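Here's the letter readout for the chains.
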Amino acid sequence: VPIWLVMSGTCQAQGKLVETKALLDRSLAVTSKRTAYGRLAESDVHNRLGEFHILCENYSKAEPALRKALEILAGSQGADSDRTATVMGNLAKVQMNKGRHARAQELCLRALGILERLFDEHHPQVADVLETLAESHRLSGDETEADRLEKRAAQIRVQKRLAYAPSAVTMQ
């Protein structure tokens, strides 16, 4: 199953959306028949399906897939995993695109709390959630908070580039 997930990501990056969906459906069919590790893999597939539907701007299909991923994670891994935070960040994107900015912001704040406890406040996944939170604030009319959050996310991105390729950043 993990190879199908990887292949689906590759197909999605290449714009092959029909193949992406077929690989995700195939993964889901296999993972839903397993236990333990299979449940975590199943949650990963539901999350990827949600991401796929977000990419296609089909939020009515993304939401149930992401809710199913959260349900599985709550039963198998607890509420404080990085997988849970990732799904919450994706669900926040759905809520934001449905105009439910308060709910999107709530999900982002919960995801941030989890990620900052597990990693630190400068982790790249924190920047991802900050960018979603900033967009939600911007769409709800709070430009000041959106700017603050975007600056924090940008600082994380620069800090990580410095950590992994210091000469490339300083030469620019």
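Here the structure is shown first, and the text comes after it.
Bear in mind the structure is a predicted one, so any value in this text is a computation, not a measurement.

Draft legend 1. Representation of the pattern of salt bridges. Across all of its chains, the model carries 16 salt bridges by this definition. Among the ionic pairs, Arg-67 bridges to Glu-63, the shortest N-O distance being 2.9 Å. Separated by four residues within a single helix, Arg-67 and Glu-63 lie in helix H4 (residues 59-76), roughly one turn from each other. The exposure class of Glu-63 is buried, given its relative accessible area of 10%. Of the charged contacts, one joins Glu-71 and Lys-68 as a salt bridge, the two residues approaching to 3.5 Å between their closest N and O atoms. One end of the pair is Glu-71 and the other is Lys-68, both in helix H4 and three residues apart, which spans about a single turn. On the accessibility criterion, Lys-68 (27% relative accessible area) is partly exposed. Linked by salt bridges that have partners in common, Glu-63, Arg-67, Lys-98 and Arg-100 make up one network.

Draft legend 2. Looking closely at the environment of Lys-61. Mapping Lys-61 onto the fold places it in helix H4. Judged by its relative accessible area of 48%, Lys-61 is partly exposed. Once the C-alpha coordinates of Lys-61 and Leu-49 are considered, the two residues, twelve residues apart in sequence, prove to be 8.7 Å apart.

Draft legend 3. Quick peek at the nonpolar core. Of all hydrophobic cores here, the largest spans 31 residues; its most connected members are Val-94 and Leu-130. With seven residues, the next largest nonpolar core counts Leu-5, Leu-49, Phe-52 and Ala-65 among its residues.

Draft legend 4. Focus on the environment of Asn-90. Relative to the helices and strands, Asn-90 is located in helix H5 (residues 82-97). C-alpha separation for the pair Asn-90 and Gly-50, spaced 40 residues apart in sequence, amounts to 7.4 Å. Contacts of Asn-90, omitting those with residues within four sequence positions, involve Asn-47, Glu-51, Ile-54 and Leu-66.

Cut-off values and rules
- Residues numbered from 1 in each chain as written.
- Predicted model: local features only at pLDDT ≥ 70, side-chain atom pairs only at ≥ 80, totals over all residues.
- Heavy atoms only, no water.
- Salt bridge = Lys/Arg side-chain N within 4 Å of Asp/Glu carboxyl O.
- Helix = DSSP H or I, 4+ residues; strand = E, 2+ residues; numbered from the N terminus.
- Buried < 20%, exposed > 50% of the residue type's maximum accessible area, 1.4 Å probe, protein only.
- Core = buried A, V, L, I, M, F, W, Y, C linked by side-chain atoms within 4.5 Å.
- Contact = heavy atoms within 4.5 Å.

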